[in-house]
Amino acid sequence: MTAIAVLGSTNMDLVAYVARAPGRGETVTGREFRTVPGGKGANQAVAAARAGGEVVMIGAVGTDEYGSLLRTNLEHAGVDTELLHTVAGPSGTAHIVVDDEGANAIVVIPGANGSVTALGPGGQAAVAAAGLLLLQLELPMAAVTEAARTAKTHGVRTILTPSPVQPLPSGLLDAVDLLIPNEHEAAALTGYEEPHAAAQILLREVPEVVITLGRKGCLYAARGSEPVLFPAPEVTAVDTTGAGDTFVGTLAVALGEGRAVPEAVAWASSAAALCVQRPGASTSMPYRSEIGAA
Ligand code: ATP
């Protein structure tokens, strides 16, 4: 089995459910509060491990109570946390207010994630030995770029989720094999709302792109061939949180097993469709036995 290295964030999501989000200076009484392990890196690691991948998480948690909860959550999913360092201070947190219309407002405090400015010898060795590297943009750019460049040097395939969306340095893009933005990120990166047009622009920088389109599915585009639209399975969505990370983590497992991109995308789409039918983020990610044949 090909090992998947994930360099990314580990956050505790602190979620308040309210009828209406408060305005500036206002206090409202909410309905419910939940503490949910999150962070795009950790979510992709959990999704990949549940889908049957051998996963190594590289990142950091704090010395607070959340740090040990976040580590345990990853270990429970079967993720190797030896390179998830514990650093003095608080863990990353995301403070999320969800209103009755399902709209949310989020403040992310990076905490320990902000300390990951370099891979370190252990991280470098793990990336070099991996079959696949998963990156997102919730850690300092210096570490993300170093990981991508290390992977390129060692011939390790790199998948980048450009979230939260921001300008991407060429030193990073040069080393990315597959870019997976959602449609909003693709539009922000290229200035084109239309996914085919956005994909053509992105293909100038990277050899392969998957633009995820929510319930419409995703568009796969590779240099030198016609883009292909993969419709998502028609399901009743109850909570789409974590769908994108489920898609990426599961796709990585299929690619690591040597499956061609179209087959891997179809499998990842069925996993993401299962995720949206259940509440929660990491808690709703499906296990391999549930996903069906790849
Ligand atoms: P999120 O931030 O909610 O985790 P995202 O914005 O990163 O998601 P999306 O494009 O919304 O990414 O969704 C990722 C994938 O999940 C889609 O390509 C699709 O396969 C699946 N998906 C999302 N929403 C639905 C839905 N309502 N029904 C079926 N599949 C869905």
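Analysis parameters
Residues numbered from 1 in each chain as written. Predicted model: local features only at pLDDT ≥ 70, side-chain atom pairs only at ≥ 80, totals over all residues. Heavy atoms only, no water. Pairing = 2+ DSSP bridges. Helix = DSSP H or I, 4+ residues; strand = E, 2+ residues; numbered from the N terminus. Contact = heavy atoms within 4.5 Å. Axes fitted to C-alpha atoms, helices over the stretch in contact; angles between N-to-C directions. Parallel < 35°, antiparallel > 145°, perpendicular 65-115°, else oblique. Left-handed = near helix turned anticlockwise from the far one by under 90°. Nonpolar A, V, L, I, M, F, W, Y, C, P; charged D, E, K, R; others polar. Buried < 20%, exposed > 50% of the residue type's maximum accessible area, 1.4 Å probe, protein only. Arc of directions from axis to C-beta. Polar contact = N/O pair within 3.5 Å; in protein donor to acceptor, adjacent residues only side chain to side chain. Near = heavy atom within 4 Å. Areas by Shrake-Rupley, 256 points an atom, 1.4 Å probe, with all protein chains shown as cover. 1 Å grid on protein atoms, 1.4 Å probe; cavity = no way out; pocket = protein on both sides within 12 Å on 5 of 7 lines; lining within 4 Å. Points joined across faces, edges and corners; volume = space filled by probe spheres on them.

Asks: Even after reading the chapter, I still don't get the sheet that holds strand 5 (residues 84-87), so can you show me in this structure?
Replies: On the basis of which strands lie adjacent, the open sheet formed by 9 strands has the order 5-4-1-8-9-10-11-12-13 and mixed pairing. Looking at strand neighbours, the two that pair on one side only are strand 5 and strand 13 (228-230), the edges of this open sheet. In this structure, strand 8 (residues 132-135) lies alongside strand 9 (residues 157-160), joined through 4 bridges in parallel fashion. Paired with leucine 132 across the two strands is arginine 157, which belongs to strand 9. Packed onto the sheet, helix 3 (residues 120-129) meets strand 1 (3-7), strand 4 (54-62) and strand 8 and runs at close to 160° relative to strand 4.

Asks: Teacher, can you tell me more about the packing of helix 6 (residues 183-190) against helix 7 (residues 195-202) here?
Replies: One can describe the packing of helix 6 onto helix 7 by two numbers: an axis separation of 9 Å at closest approach and a directional angle of 55°. By the angle between their axes, helix 6 is oblique relative to helix 7. For helix 6 against helix 7, the interelement crossing comes out left-handed. Contacts between helix 6 and helix 7 pair Ala186, Leu189 and Thr190 from the former with Ala198, Ile201 and Leu202 from the latter. Each residue belonging to the contact of helix 6 with helix 7 can be placed in one class, and the counts come to 5 nonpolar, 1 polar and no charged.

Asks: For this particular structure, what's the right way to read helix 7?
Replies: Along an α-helix, a turn takes 3.6 residues, which lines up residues three or four apart on a common side. For helix 7, the complete set of buried residues consists of Pro195, Ala198, Ala199 and Leu202. Down the axis of helix 7, the sector holding all buried residues measures 100°, keeping them to one side. Against the buried residues of helix 7 lie strand 10 (178-179), helix 6, strand 11 (208-212) and strand 12 (218-222). The residue sitting at the N-terminus of helix 7 and contributing the capping side-chain oxygen is glutamate 194; that oxygen lies 3.0 Å from the backbone nitrogen of histidine 196.

Asks: What is the right way to look at the site of the ligand in this model?
Replies: By nearness alone, 17 residues border the ligand, and Thr212, Gly214, Gly217, Thr240 and Gly244 come closest of all. In the model, an oxygen atom of the ligand is placed 2.8 Å from a nitrogen or oxygen of the glycine 214 main chain. With respect to the ligand, the backbone of glycine 217 contributes an N or O atom lying 2.9 Å from an oxygen atom. Out of a free accessible area of 630 Å², the ligand has 83% covered by protein chains. Among the secondary structure elements, those contributing two or more residues to the shell around the ligand are helix 8 (243-256) and helix 9 (261-276). Broken down by element, the shell around the ligand gets its largest block of residues, 3 residues, from helix 8. Its residues placed into classes, the shell around the ligand shows 9 nonpolar, 7 polar and 1 charged.

Asks: When you look at empty space enclosed by the protein in this model, what are you seeing that I'm missing?
Replies: By rolling a water-sized probe across the atoms, one finds the places where empty space is left. As enumerated under the stated definition, the model contains 2 cavities of 30 Å³ or more in all. Of the voids in this model, the largest cavity is the one considered here, and its volume is about 40 Å³. Contributing to the lining of the largest cavity are Thr10, Asn11, Pro37, Gly38, Ala42, Asn43, Val46, Leu70, Asn73, Leu74 and Ser282. Those elements that place two or more of their residues in the lining of the largest cavity are strand 3 (32-38), helix 1 (40-50) and helix 2 (65-76).

Limitation: the analysis is restricted to geometry and does not speak to function.
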